[in-house]
Amino acid sequence: MAQDLAETGRLRALLSRIGAGLDEFQRFEHRDAQHPSQRWRERLDQPLPQRGVGIDAIAADLLEHVIPNGSATARPGFSGFITTGGTTAAALAATAANIAAPQRYGLTAFNFLEEFSLQWLAQMCGLRAMQGVYSSGGSVANLLALGAARQSAFEQIGRDPAKQGMDRPVAIYATAEAHHTIQRSAGVLGVGRQSVRAIACDNRGRMDVSALSRAIEEDTRADVLPMAIVANAGTTNTGAIDPLHAIGELANERGVWFHVDGAYGLPGILDQRVAPLYRGLELADSVIVDPHKWLGASVGVAATFVRDRGFLQRAFTQEPADYLEGSVDTADAIAAGVEHSMDDFGVPYYDFGVELSAPCRGVVVWALIREIGVDGMTERIRRHNDMAAHVADAARTHPHLELLQEPTLSICCFRYVAPGVADLDFLNRQLHRRLMHENTNMPSTTQVNGKLALRPCFVGARCDMKHAQALIDDVLRLGDALVHEASQPKPHA
Ligand SMILES: *Cc1c(COP(=O)(O)O)cnc(C)c1O
């Protein structure tokens, strides 16, 4: 009998061992990996092993040296970028898929949940009559949507760009606040990063629709093909929402593909107080959302929605492959009256994107929504929006704080100020480094209208109002200390 050296059973015992270490991690009492203890580096930095050490030694290393030196991004007080740790449901569902359905194709319960969860997600986020596909993140999700846009634009002039390539320049319209993966997508799709036009914004980071209209006219006159308009439902910098309705109407009028990047902000529609800002979403040809941001999936899950997956299929098909299609026969199975999970590949997601082998991500989204329901998600979104509003209130009223942008969703851009400080950007950068080193309340920074801003973005399931207040307290304490230090006479050399 073949004896492979890799362990393939004993999951119960090993997972429960690791589970204990992960629960310990989630108390967030460990030292931070930012301060590298030489111990873990030395322990892990070993030569390529000729002989394996076996699974128990791996479990021990994970517990002792790897897990405790993991990432700070899951900490309740971490509010940098737009990222957070996954919830328990996400970890359970992903582990289940890892073992029980290593591929998303085949007629499995997991494949069923792939489609089913996309429909739940669409319904929850106010998308009607749209079809979806999962991918690894907002970057790829934007690429797929723009691939569909390219397909649509060229098919209108009688060309298949995926098959024949492009025969003329195109333009993509987005603001400077749009995510840079839009430019990268243009590069990958072969239309060039230079084809992305920077449409002006108002002082709150929202697209100027008359500037958009002028840019489309100019390009059309110059025989450049308008390929897509990219609007943001929640910019990465400040959470601003573009005027979706006006943009959508213009797009429909000009026959240009209307893409909405809601990687972060789409679930914001659940908060009734901001829901009216999403009017116009129904005009979109494509929309993306990242369940690994606000919904609490572990990193690696985004969804692209389009009206008709045919555009995705024509843009990304691999063409029939003997080793794939040749190996299933649905008619045979129906004739035999039995069905096996390998009789059919189910929905051909591998033809709607750039991945063939891919994990089942739908089961994760299904678990997240089913666990706490739309009510639970709504409560989370409102709680986080309230936290940003609370920071904004403090920044507006406290003499040592300044609000740099009125929040729309759960991002608040503000800074510490004090009379007599010449370089507030420098002061706030120093303050930010101290916040990071304290390892408790950790926003990131950005630029708002030329000023350095502290930028908390609250998306984590583990954070609540007390973390927003703690961040304000920390900023005031550290800002006061920095100003005090700067006012002390320098010791003589
Ligand atoms: C985060 C983000 C992206 C990129 O998503 P990833 O999942 O990090 O690849 C794209 N667009 C917007 C608006 C985002 O906030």
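Below or above, wherever it landed, is the structure these notes cover. (Residues numbered from 1 in each chain as written. Predicted model: local features only at pLDDT ≥ 70, side-chain atom pairs only at ≥ 80, totals over all residues. Heavy atoms only, no water.)

**A few points about the overall build of the protein chain**
Regarding its fold elements, the protein chain presents 16 helices and twelve strands. Over its C-alpha atoms the protein chain spans a radius of gyration of 25 Å, differing by no more than 12% from the 23 Å that the globule rule assigns to 493 residues. Principal-axis analysis of the C-alpha atoms gives the protein chain an extent of 90 × 70 × 45 Å. Taking all 493 residues of the protein chain together, 50% fall into the buried category. Sequence separation of at least 24 residues holds for 73% of the intrachain contacts in the protein chain that already meet a minimum separation of 6. Surface exposure of the protein chain reaches about 23,500 Å², of which carbon and sulfur atoms provide 54%. Each charge class in the protein chain can be summarised by its mean position, and for the 46 positive and 57 negative side chains these summaries are 5 Å apart. (Helix = DSSP H or I, 4+ residues; strand = E, 2+ residues; numbered from the N terminus. Rg over C-alpha atoms; globule rule 2.2 N^0.38 Å. Buried < 20%, exposed > 50% of the residue type's maximum accessible area, 1.4 Å probe, protein only. Contact = heavy atoms within 4.5 Å. Areas by Shrake-Rupley, 256 points an atom, 1.4 Å probe, with all protein chains shown as cover. Lys, Arg positive; Asp, Glu negative; His and termini not counted. Charge placed at Lys NZ, Arg CZ, Asp CG, Glu CD.)

**Some points on the sheet that holds strand S8 (residues 302–306)**
By definition, the strands of a sheet pair up through backbone hydrogen bonds, in either a parallel or an antiparallel sense. Reading across from one edge, S2-S8-S7-S6-S5-S3-S4 is the order of the seven strands in this open sheet, with mixed pairing throughout. Of all strands in the sheet, those bounded by a partner on one side alone are strand S2 (131–135) and strand S4 (196–199). Going across the sheet, the axis of each strand differs from the next one's by a mean of 20°, ignoring polarity. Direction of pairing for strand S6 (residues 257–261) relative to strand S7 (residues 286–289): parallel, over a ladder of three bridges. Note on S7: the bridge partner recorded for histidine 259 is serine 286. (Pairing = 2+ DSSP bridges. Axes fitted to C-alpha atoms, helices over the stretch in contact; angles between N-to-C directions.)

**Some words on the pattern of salt bridges**
Scanning all chains against the criterion turns up 27 salt bridges. Between arginine 309 and glutamate 115 there is a salt bridge; the shortest N-O distance is 3.1 Å. Placement of arginine 309 in helix H11 (residues 309–316) and of glutamate 115 in helix H5 (residues 109–124) is noted, with a sequence separation of 194 residues between them. A salt bridge links arginine 415 to aspartate 425; the nearest nitrogen and oxygen atoms lie 3.8 Å apart. (Salt bridge = Lys/Arg side-chain N within 4 Å of Asp/Glu carboxyl O.)

**What to know about the nonpolar core**
If you look at soluble globular proteins, the nonpolar side chains tend to sit buried side by side. Counting 101 residues, the largest nonpolar core has Leu121, Leu212, Ile229 and Phe305 as its most contacted members. Beyond its immediate stretch of four places on either side in the chain, leucine 212 contacts Tyr173, Ile199, Met207, Ile229, Ile247 and Leu250. Residues Met387, Ala388, Leu435 and Ile472 belong to the second largest nonpolar core, which totals 27 residues. (Core = buried A, V, L, I, M, F, W, Y, C linked by side-chain atoms within 4.5 Å.)

**Side note on the site of the ligand**
Around the ligand sit 15 residues in total, of which Gly138, Ser139, Asp261, Asp290 and Lys293 are the nearest. One of the backbone N or O atoms of glycine 138 is found 2.7 Å from an oxygen atom in the ligand. The separation between an oxygen atom of the ligand and a polar side-chain atom of histidine 292 is 2.8 Å. Within the complex, the protein chains bury 86% of what would otherwise be the 380 Å² of accessible surface of the ligand. Per-element tally for the shell around the ligand: the top contributor is helix H6 (residues 138–155), with three residues. Considered class by class, the residues forming the shell around the ligand number three nonpolar, nine polar and three charged. (Near = heavy atom within 4 Å. Polar contact = N/O pair within 3.5 Å; in protein donor to acceptor, adjacent residues only side chain to side chain. Nonpolar A, V, L, I, M, F, W, Y, C, P; charged D, E, K, R; others polar.)

**Examining the packing of H6 against H11**
Where H6 contacts H11, the two axes come as close as 8 Å, and the packing angle between them is 90°. Classified by the angle between their axes, H6 and H11 sit roughly perpendicular to one another. When H6 is examined against H11, the residues Leu143, Leu144, Gly147, Ala148, Gln151, Ser152 and Glu155 are found in contact with a partner set consisting of Phe311, Leu312, Arg314, Ala315 and Phe316. In terms of residue class, the contact of H6 with H11 is built from seven nonpolar, three polar and two charged. (Parallel < 35°, antiparallel > 145°, perpendicular 65-115°, else oblique.)

**Things to note about the packing of aromatic side chains**
Summed over all chains, the structure comprises ten aromatic pairs. Between the aromatic rings of phenylalanine 112 and phenylalanine 116, the centroid separation amounts to 5.2 Å while the plane-to-plane angle is 20°, which identifies the pairing as stacked. Placement of both phenylalanine 112 and phenylalanine 116 in helix H5 is noted, with a separation of four residues, approximately one turn of the helix. Ring plane angle 85° and centroid distance 6.4 Å describe the contact between tyrosine 349 and phenylalanine 352, whose orientation is recorded as edge-to-face. Across the pair, phenylalanine 352 and tyrosine 349 agree in class, each one buried. Here arginine 314 stacks its cationic end above the ring of phenylalanine 311, 5.0 Å away from the centre of that ring. (Phe/Tyr/Trp six-rings, centres within 6.5 Å; stacked < 30°, edge-to-face > 60°. Lys NZ or Arg CZ within 6 Å of the ring centre and 35° of its normal.)

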